[in-house]
Amino acid sequence: AAMAQDCQSHFVLLGATAVLGLLGVVTPTQALTGFSSSGNVVSQAVLLLVAGIQEAGVIDQIFFKLLGVAKSRRSALLRAQVLAGILSAVLQPNTVVAAGGAALMLWAPQVGMSPRELFLPFACAAGMGANFMMVSNSVALTVAQMMPDSKLTDFDTVSVCIVTTVVTIVYGMFASPRFFRSAPKGHLAASTNASSAADSCTNNHFVIHFVVAADSILVGRTPSQAGLLSTSGASLLSCTRPLELPMAEGDEFCFAASAAGVALVRSRNPGLDLKSVNTLEVLGAQRHRRCLFEAGVGPSSSLVGLRLPLSGLPGAQCLAVRRPGGCKELLSAGPPTEFTGPLQVGDILLVEAFLEFPDHLQAERDFSFFAAVPASMPPRHGRRVDTQRGWLALLLLVGIIVLSALKVADLLFLALAAVGVCLVTNVLHRDTALRSLKLEMYLGIAGGIGFSSALACSGLANALAHCIIAIVGVVAGGSPIAILVALSATASLLSNMMSNTAAAAIIAPIASQVCATQGISVKCAALVLIYSANAAFSTPFATTTNMLIKALGPYEFPDYVRYGMPLQLLMLFTIPCSCYLLYGMHA
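Residues numbered from 1 in each chain as written. Predicted model: local features only at pLDDT ≥ 70, side-chain atom pairs only at ≥ 80, totals over all residues. Heavy atoms only, no water.

Q: Any details on helix 23 (residues 522-534)? Residues and values, ideally.
A: Turn by turn, an α-helix covers 3.6 residues, leaving residues three or four places apart pointing in a common direction. For helix 23, with 13 residues, the first-to-last C-alpha span of 19 Å sits near the 18 Å given by 1.5 Å per residue. Counting buried residues along helix 23, eleven of its 13 residues qualify, which places the element largely inside the surrounding structure. Where helix 23 is concerned, the buried positions are C524, A525, A526, L527, V528, L529, I530, Y531, S532, A533 and N534. Its buried side turned inward, helix 23 meets helix 7 (115-129), helix 8 (138-146), helix 9 (158-180), helix 21 (480-495), helix 22 (500-518) and helix 25 (557-583). Its side-chain oxygen at 3.4 Å from the backbone nitrogen of K523, S521 defines the N-terminal cap of helix 23. (Helix = DSSP H or I, 4+ residues; strand = E, 2+ residues; numbered from the N terminus. Expected span 1.5 Å × (residues − 1). Buried < 20%, exposed > 50% of the residue type's maximum accessible area, 1.4 Å probe, protein only. Contact = heavy atoms within 4.5 Å. Polar contact = N/O pair within 3.5 Å; in protein donor to acceptor, adjacent residues only side chain to side chain.)

Q: Lay out the environment of L303 in plain terms, naming residues and giving numbers.
A: As for its placement among the helices and strands, L303 is situated in the loop between strand 5 (290-297) and strand 6 (316-322). Dropping the residues within four chain positions of it, L303 is found in contact with L313, L343, L349, D366 and F367.

Q: Now, about the sheet that holds strand 3 (residues 252-257): what can you tell me, with residues and values included?
A: A sheet is described by the order of its strands in space; here four strands give the open sequence 2-3-1-4, paired in antiparallel fashion. Taken across any chain shown, the strands that pair with only one partner, and hence form the sheet edges, are strand 2 (234-239) and strand 4 (272-274). The sheet shows a mean angle of 35° between the axes of neighbouring strands, direction not considered. Pairing of strand 2 with strand 3 involves five bridges; the strand directions are antiparallel. Looking across to strand 3, one finds that L236 is bridged to F255. (Pairing = 2+ DSSP bridges. Axes fitted to C-alpha atoms, helices over the stretch in contact; angles between N-to-C directions.)

Q: Explain the packing of helix 8 against helix 23 to me, using residue names and the numbers behind them.
A: Helix 23 packs onto helix 8 with a crossing angle of 150° between their chain directions and a minimal axis gap of 9 Å. It follows from the interaxial angle that helix 8 and helix 23 lie roughly antiparallel. You can see that helix 8 and helix 23 cross each other, and the crossing is right-handed. Facing V139, A140 and V143 of helix 8, the residues of helix 23 in contact are A526, L529, I530, A533 and N534. Partitioned by chemical class, the residues of the contact of helix 8 with helix 23 number seven nonpolar, one polar and no charged. (Parallel < 35°, antiparallel > 145°, perpendicular 65-115°, else oblique. Left-handed = near helix turned anticlockwise from the far one by under 90°. Nonpolar A, V, L, I, M, F, W, Y, C, P; charged D, E, K, R; others polar.)

Q: With reference to specific residues and values, describe the packing of aromatic side chains.
A: Using the criterion set out here, one finds eleven aromatic pairs in the structure. Judged by centre distance (5.6 Å) and plane angle (70°), the rings of F180 and Y555 are edge-to-face. Taken together, the residues span a long stretch of sequence, with F180 in helix 9 and Y555 in the loop between helix 24 (544-550) and helix 25 at a distance of 375 residues. Overall, Y555 belongs to the buried group, its relative accessible area being 0%. These aromatic residues form a ring-pair network of at least three members: Y171, F179, F180, Y555, Y560 and Y563. A cation over a ring is seen here: R290 above F354, with NZ or CZ 5.4 Å from the ring centre. (Phe/Tyr/Trp six-rings, centres within 6.5 Å; stacked < 30°, edge-to-face > 60°. Lys NZ or Arg CZ within 6 Å of the ring centre and 35° of its normal.)

Q: Give me the layout of surface pockets: which residues, what numbers.
A: Of the voids in this model, the second largest pocket is the one considered here, and its volume is about 390 Å³. Lining the second largest pocket are 17 residues, with M134, L141, D154, D410 and L411 sitting closest to its centre. Of all elements in the fold, only helix 3 (38-55), helix 8 and helix 17 (411-424) reach the threshold of two or more residues within the lining of the second largest pocket. Residues belonging to the lining of the second largest pocket are distributed by class as follows: eight nonpolar, five polar and four charged. (1 Å grid on protein atoms, 1.4 Å probe; cavity = no way out; pocket = protein on both sides within 12 Å on 5 of 7 lines; lining within 4 Å. Points joined across faces, edges and corners; volume = space filled by probe spheres on them.)

Q: How would you explain the confidence of the model for the protein chain if you had to name every residue and give the values?
A: Residue-level pLDDT values for the protein chain average 79, and 84% of them are 70 or greater. Here residues 183-196 is modelled with pLDDT under 50, and outside its nearest four sequence neighbours on either side it reaches 20 contacts, counting other chains as well. (pLDDT = per-residue confidence, 0-100.)

Q: Give a description of the pairing of strand 3 that names residues and reports values.
A: Look at any regular strand and the pattern is simple: side chains alternate between the two faces of the sheet. In terms of residue burial, strand 3 counts as a mostly covered element, since five of its six residues are buried. Where strand 1 (residues 206-212) and strand 3 come together, six bridges link them in antiparallel fashion. Paired with V207 across the bridge in strand 3 is A256.

Q: Run through helix 17, naming residues and quoting values.
A: When the terminal C-alpha atoms of helix 17 are compared, their 20 Å separation across 14 residues agrees well with the 20 Å that a helix rising 1.5 Å per residue should span. All of the buried residues in helix 17 are L411, L412, L414, A415, A418, V419 and C422. Capping of helix 17 at its N-terminal end is provided by D410; its side-chain oxygen lies 2.9 Å from the backbone amide nitrogen of L412. Looking one or two residues beyond helix 17, the residue adopting positive phi is N426, at roughly 65°.

Q: Would you mind going over the sheet that holds strand 5 in detail, with residue names and values included?
A: Taken in spatial order, the four strands line up as 6-7-5-8 in an open sheet, and their pairing is antiparallel. The open sheet terminates on both sides in strands that have one partner only, identified here as strand 6 and strand 8 (367-372). Looking at each pair of strands side by side, their axes are set apart by 30° on average, direction ignored.

Q: Quick one: what's the story with the environment of Q513, residue by residue and with numbers?
A: On the secondary structure map, Q513 appears in helix 22. By relative accessible area, which is 30% here, Q513 ends up partly exposed.

Q: Can you explain the pattern of salt bridges? Please cite residues and give values.
A: Two side chains carrying opposite charge are able to pair once their charged atoms lie near each other. Tallying each qualifying case throughout the model produces eleven salt bridges. When the shortest N-O distance is used, the salt bridge between E352 and R290 registers 2.7 Å. With E352 in strand 7 (residues 348-354) and R290 in strand 5, the pair connects residues that are 62 residues apart, well separated along the chain. The residues E352 and R290 share a single accessibility class, namely buried. Here R322 and E294 are joined by a salt bridge, their closest N and O atoms 2.9 Å apart. (Salt bridge = Lys/Arg side-chain N within 4 Å of Asp/Glu carboxyl O.)

Listed below in structure tokens is the structure:
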């Protein structure tokens, strides 16, 4: 009831555990077990490694190279879903969906599709692909801890994961065009000349030039394929090569863009550098402490009368200038060019600066106002060492998987050691590391484990197990496969209403009791629980991946029900039957 009133599940579970502790149902040690859970800590460590991979632009490179150019809708759906399933087998599905969101938003119009056709199938495939290995799956790690008799190993989940992911992909190829097929929307047509671009610009736009770097992943792709024609807040004014031809090193692009548009062009296009300035050379590599600011030239500013490029700004570098009311006038005067000055009172500078820039005395004298641009931290790519750091983080993640499978060391210590290497080698800065941790996930797992302990200790898990057995006995004559279907349905239902990890932790003691009384294989039941908890497709708040794509589609609640419910029912029988056939029913 509390979660139905928009209360977050991790707070509900922690509150319930606290109440049960006050009532004496569980001891403090049992209630707090989840906070020291090795699976909980490993999940956070994997998030940090994935953040290092994503920051360096490695995931962007993978998406750019592997999506390619599809020839049909079904081919596009197949490519996107297979890529989601493969990447989620190693990386967190949340990261795959978040990183793939920008790439798919640009890719969809190129293949004649709307984002609505791609994102739900993409997210569902990522969710099922996450079952491939336990190390990157918080649900599997939690179930393995809650059901130790299952004796799950790192690769026990592989075989059924392949089956369920294939079923999900095939369903998406046929269901998505039926439910969501429409003309691409939300992407403005590209402007091919400066005069037409000027009509779409506002006086809040800067004119700014970019150049394709030597080792850019954009080389060999057309501007349309790279998404340069459909970046929100940015209009392409001109380029040195015809738009239909692939880009090459040294190609120049002139944009009219808002401050947020400039930030998007920079972050979404690794290897597209500013032409006029190299901020790394001027400001150094501490990019986590910088962002974009708009700063207005004040009446007593020492900058009045100066021309670009500017030098001597305290901890800042000017990227572009706009004059209020002057953007369209600048564009209509001839070929698009950047503003060069001389500066006058009221001109607005776009600067990349350290966060303390507005507090500097010289800045306070020169500028009448400052406005930080949201989500404009400079991308942490562009140098060879940045890419090398990203691949190092990916290598460490793969190393954890391999060494854990070979039983070289405990998974917890391997994960913590890998995070330590990332911090020491600056793959991930300590400030970024703190932002990359998911407190709600940590609390959700901790609360779920504490609550499940209360279920087991109070005897409620045993009572619920007997209830499930009794219902199955009446409906299906006590068939073991029907019991697994009932467990699968219960786990899926809870996962659509709360955190899937917390749902798995709650169902785990019930499943253990069912196995004990009916002689069902604990491993088989544990695997059914893992796959079913991750098969939550029917509500937007079921999983983080579902929430991430809600605004990208955009999707409404009925869209999730319409697409997800048939897939949910399909999985309700696919998962128990696959586990039964591959692992056997009886202990």
